[in-house]
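Commentary on secondary and tertiary structure
One-letter residues, chain by chain:
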Amino acid sequence: MKKRRSPLAQFVIGMVMLAAGLYWFMSNVTVSTYFGLRIGGFRFGAGLVVVPFIAGIIWLFLNVDSVGAKLLTVLGIVIILASIISNIHFVFRSTSLYVYLIMLVLIFGGAALVGQVLFRWPKDDEDRNKKKK
C-alpha cells in the first residue's frame, strides 16, 4: 500500500526547489546587449535606429490627427525594441558539472513535484472514490 503524501507539502517543496534552482541558474548567466540594428551584413548604430521614432514624434507634434504620424511613431518604437531584443547575448558562466547537475535536479525535480500536484492529484482522489464504491 502506498503512503499518501500531502499535496500541499509536495507543492511547497516543489516550488522551493524550482525557485532555488532557477535563481541559482539565472545568477550564473550574464546578459549583455548592443543598441543598434544589424540587417544582413549592415550594422546601423543607435543614432540611425531612433531616426524613424524622432521623425514620427516631430510629425505627430505638427499634425496630431495624422494616422501616418502615429504609424511612424509606433514603427519607430517597434524598431527600437527589435534592435534591443535582437542584440541580447546570454553567456552562461563557467561552472563545474556537479553544480550544473544540481541546478538541473532542483529545476526539473521541483517542476515535476509541482506538476504532479497540479495535474495528478484530483485524478488520484477520483480513483480512490471509485474503488471505495
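Presented here is an overview of the structure given in this document. Bear in mind the structure is a predicted one, so any value in this text is a computation, not a measurement. (Residues numbered from 1 in each chain as written. Predicted model: local features only at pLDDT ≥ 70, side-chain atom pairs only at ≥ 80, totals over all residues. Heavy atoms only, no water.)

1. Points about the packing of helix α3 (residues 51-62) against helix α4 (residues 67-86)
Contact geometry for α3 and α4: axes closest at 7 Å, N-to-C directions at 155°. Put simply, α3 runs roughly antiparallel to α4. Of the two possible hands of crossing, α3 and α4 adopt the one that is left-handed. Contact with α3, carried on its side by P52, F53, A55, G56, I57, W59 and L60, involves G68, A69, K70, L72, T73, G76, I77, I79 and I80 of α4 and no other residues of that element. (Axes fitted to C-alpha atoms, helices over the stretch in contact; angles between N-to-C directions. Helix = DSSP H or I, 4+ residues; strand = E, 2+ residues; numbered from the N terminus. Parallel < 35°, antiparallel > 145°, perpendicular 65-115°, else oblique. Left-handed = near helix turned anticlockwise from the far one by under 90°. Contact = heavy atoms within 4.5 Å.)

2. What about the environment of M26?
Secondary-structure assignment places M26 in helix α1 (residues 7-26). For the pair M26 and F92, spaced 66 residues apart in sequence, the C-alpha to C-alpha distance is 8.7 Å.

3. Focus on the environment of V117
Mapping V117 onto the fold places it in helix α5 (residues 97-132). Judged by its relative accessible area of 13%, V117 is buried. In sequence terms V117 and S6 are 111 residues apart; their C-alpha atoms lie 9.4 Å from each other. (Buried < 20%, exposed > 50% of the residue type's maximum accessible area, 1.4 Å probe, protein only.)

4. As for the environment of I80
Counting through the fold element by element, I80 comes out in helix α4. Look at I80 and you get buried, because its relative accessible area is 17%. Along the chain, I80 and F53 lie 27 residues apart, while their C-alpha atoms are 8.3 Å from each other.

5. Comments concerning the packing of aromatic side chains
Per the stated rule, a full pass over the model turns up two aromatic pairs. Measuring from centroid to centroid gives 5.8 Å for F92 and Y100, while their planes differ by 70°, and the two rings are edge-to-face. Given the relative accessible area of 33%, F92 is considered partly exposed. The structure contains a cluster of three or more aromatic residues connected by ring pairs, namely F25, F92 and Y100. (Phe/Tyr/Trp six-rings, centres within 6.5 Å; stacked < 30°, edge-to-face > 60°.)

6. Thoughts on the side chain of T73
Turning to its location among the elements, T73 is positioned in helix α4. Accessibility expressed as a relative area gives 9% for T73, which makes it buried. Here the side chain of T73 touches G56 through a polar contact of 3.2 Å, landing on its backbone oxygen. Dropping the residues within four chain positions of it, T73 is found in contact with F53, G56, I57 and L60. (Polar contact = N/O pair within 3.5 Å; in protein donor to acceptor, adjacent residues only side chain to side chain.)

7. Thoughts on the side chain of N28
As for its placement among the helices and strands, N28 is situated in the loop between α1 and β1 (29-32). For N28, a relative accessible area of 14% translates into the label buried. Only 3.2 Å separates the side chain of N28 from the backbone oxygen of W24, close enough to count as a polar contact. If sequence neighbours within four positions are ignored, N28 has contacts with V91, F92, R93 and M103.

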